[in-house]
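Overview (structure and organization)
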Amino acid sequence: MKWVKIENSSIPQTDGIRKARIDSKNVCIIRHDDKLYATSVRCPHAGADLSGGWCEKGRLICPYHRHAFDLESGKGDEGQGDYIHVYPLEQRPEGWFIGLEESWLTRLF
Ligand code: FES
């Protein structure tokens, strides 16, 4: 796992979703009910951009067909059979960091 600092401009200051490119990966940075989350951007249902969605009761809602995903686990609502990736976040004195998996290629070299 590699920890990368998130630019302050990519962090919503109020409830909302921002798409950020971090270490060549697109992620959604989400503030919901005063808590920060980071998830994958593409909806597993049909590929919609989840940064165009919204949050309700701890779930991220896809703007296309309204699939809902738990912000803590990434698990889709019952009956959907899908999930999104939720990245770990850490607040340090120098700011917020996101934990990204290193690809096998990066680990190799
Ligand atoms: S593309 Fe997200 S629910 Fe269909």
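See above for the structure.
First, a word on scope: everything that follows refers to the structure included in this document. Residue positions are given per chain, counting from 1 as you read along its sequence in written order. With the structure being a predicted model, the display of local features is reserved for residues of pLDDT at least 70 and the display and counting of side-chain atom pairs for 80 or more, all residues being used for whole-chain, interface and lining totals. Each side-chain value is worked out from all heavy atoms of the structure, with water and hydrogens disregarded.

1. Comments concerning the overall build of the chain
A helix here means a DSSP run of H or I that spans at least four residues, while a strand means a run of E at least two residues long, and both kinds are numbered starting from the N terminus. The number of helices and strands found in the chain is 1 helix and 10 strands. The dimensions of the chain, computed from C-alpha atoms along their principal axes, are 40 × 35 × 20 Å. Exposed residues in this analysis have more than 50% of their type's maximum accessible area, buried residues have under 20%, and partly exposed residues fall in between, with area computed by a 1.4 Å probe over protein chains only. When each of the 109 residues of the chain is scored for burial, the buried share is 39%. Sequence-distant contacts, at least 24 apart, represent 37% of the contacts inside the chain between residues at least 6 apart. Reported accessibility uses the Shrake-Rupley method at a 1.4 Å probe radius. Residues are deemed covered only where the shown protein chains occlude them. Summing over all exposed atoms, the chain offers an accessible surface of approximately 6,700 Å²; the carbon and sulfur share of this is 47%. The contact criterion used is simple: two residues touch if any of their non-hydrogen atoms lie within 4.5 Å.

2. Concerning the packing of aromatic side chains
Centres within 6.5 Å are what make two rings of Phe, Tyr or Trp a pair, Trp counting through its six-membered ring; a difference in plane orientation under 30 degrees is then read as stacked, over 60 as edge-to-face, and the rest as tilted. What the rule picks out here adds up to 0 aromatic pairs. It is Arg92 that lies over the ring of Phe97; its NZ or CZ is 4.2 Å from the centre. For a lysine, the NZ atom is tested; for an arginine, the CZ atom; a charge sits over a ring if that atom is within 6 Å of the ring centre and within 35 degrees of the ring normal.

3. Observations concerning a nonpolar patch on the surface
Patches were defined on residues exceeding 30% relative accessible area and lacking a salt bridge, with like-charge contacts within 9 Å and nonpolar side-chain contacts (Val, Leu, Ile, Met, Phe, Trp, Tyr) within 5 Å. For this analysis, a salt bridge means a side-chain nitrogen from Lys or Arg found within 4 Å of a carboxyl oxygen belonging to Asp or Glu. A surface patch of nonpolar side chains, amounting to about 560 Å² of accessible area, comprises Trp104, Leu105, Leu108 and Phe109. By the element assignment, Leu108 lies in helix H1 (residues 104–108).

4. What to know about the pairing of strand S3 (residues 25–32)
Taken across its 8 residues, S3 has 6 buried, putting it largely inside the fold. Pairing between strands is defined by DSSP: at least two bridges between them are needed. Of the pairings in the sheet, the one linking strand S2 (residues 16–22) to S3 comprises 7 bridges and is antiparallel in character. Within S3, the residue paired with Ile17 across the bridge is Ile30. Where S2 folds back onto S3 in an antiparallel hairpin, the turn is made up of 2 residues, including Asp23, whose phi is positive at roughly 55°. Counting the residues in the hairpin turn of S3 and strand S4 (residues 35–40) gives 2 residues, including Asp33, whose phi is positive at 50°.

5. Focus on the sheet that holds strand S9 (residues 89–92)
Across the sheet, 3 strands lie side by side as S1-S10-S9; this open sheet has antiparallel pairing. Two strands lie at the open edges of the sheet, namely strand S1 (2–5) and S9, each paired on one side alone. Each adjacent strand pair in this sheet contributes to an overall mean axis angle of 30°, direction not counted. The sheet contact formed by S1 and strand S10 (residues 95–100) spans 4 bridges and is antiparallel. Its bridge partner being in S10, Trp3 is matched across the sheet by Gly99. The axes used here are C-alpha line fits, helices contributing only the stretch in contact, and every angle between their N-to-C directions lies in the interval 0 to 180 degrees.

6. A short note on the pattern of salt bridges
On inspection of all chains with the given rule, the structure shows 5 salt bridges. The residue Asp49 makes a salt bridge to Lys19 at a minimum N-O spacing of 2.6 Å. In this pair, Asp49 sits in the loop between S4 and strand S5 (54–56) while Lys19 sits in strand S2, placing the two residues 30 residues apart along the sequence. The partner of Arg59 in a salt bridge is Asp77, with the nearest N and O atoms 2.7 Å apart. Within this pair, whereas Arg59 is found in strand S6 (residues 59–61), its partner Asp77 is found in the loop between strand S7 (68–70) and strand S8 (86–87), the two being separated by 18 residues in sequence. Residue Asp77 is classed as partly exposed on the basis of its relative accessible area, which comes to 27%.

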